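Chain residues, written in single-letter form:
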Amino acid sequence: MVLGKELERIDMMGRVLAVHHDQFWPNAGPVAVLRSSGALSAFLRAGAPLTGDEVRRFLVVDNSFPRSMLSCAVDAEEAVRELERVGDTAASNLLREVGRLRASLEYASDTTPEHIDRLASDARSAAARTAD
């Protein structure tokens, strides 16, 4: 259940960020994205400037926010490792896929829309593999 929840969160965050709210509504867009993600209070406490780039960085790679894509990928990897410990034979292939997703988030040098789309697609791919 945890694995599916975390992969779904990564996918949904990617979809929210794909709308490019900050480009359509430069003043209200970043706040709308944060509100829709339940992250406005956490972002304001972080003290970063309220810009589209900072909001994307926070929602994608900030490990202090528990619903960021990175935090979700770390939790998903832990869930797959737990499946592997209990003897799930398909977990090793899934671990490779989820591990790559986590690594690409952990070492991300950009939060461009293309990169975010690729991450969300990787999460969908991993989620589809769990159904097998």
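Use the structure listed above.
A brief structural summary. (Residues numbered from 1 in each chain as written. Predicted model: local features only at pLDDT ≥ 70, side-chain atom pairs only at ≥ 80, totals over all residues. Heavy atoms only, no water.)

This part takes up the pattern of salt bridges. As enumerated under the stated definition, the model contains 10 salt bridges in all. Ionic pairing is found between D11 and R15, a salt bridge with its closest N-O pair at 3.1 Å. One end of the pair, D11, and the other, R15, are both in helix α1 (residues 2–18), 4 residues apart, so they sit about a helical turn from each other. For D11, a relative accessible area of 5% corresponds to the buried category. Judged by relative accessible area, R15 falls into the partly exposed class, the value being 44%. (Salt bridge = Lys/Arg side-chain N within 4 Å of Asp/Glu carboxyl O. Helix = DSSP H or I, 4+ residues; strand = E, 2+ residues; numbered from the N terminus. Buried < 20%, exposed > 50% of the residue type's maximum accessible area, 1.4 Å probe, protein only.)

A word on the packing of aromatic side chains. This structure, assessed with the given rule, holds 2 aromatic pairs. Aromatic pair F43 and F58: ring centres 5.3 Å apart, planes at 85°, arrangement edge-to-face. A residue pair is termed long-range when its members are at least 10 positions apart, and F43 in helix α4 (residues 40–46) and F58 in helix α5 (residues 52–61) qualify at 15 residues. By relative accessible area, F43 is classed as buried at 0%. The exposure class of F58 is buried, given its relative accessible area of 1%. (Phe/Tyr/Trp six-rings, centres within 6.5 Å; stacked < 30°, edge-to-face > 60°.)

With that settled, consider α1. The end-to-end C-alpha distance of α1, which contains 17 residues, comes to 24 Å, matching closely the 24 Å that a straight helix rising 1.5 Å per residue would cover. Those residues of α1 lying buried are L3, E6, L7, I10, D11, M13, G14 and L17. Down the axis of α1, the sector holding all buried residues measures 155°, keeping them to one side. With its phi angle positive at about 60°, H20 sits one or two positions after the end of α1. (Expected span 1.5 Å × (residues − 1). Arc of directions from axis to C-beta.)

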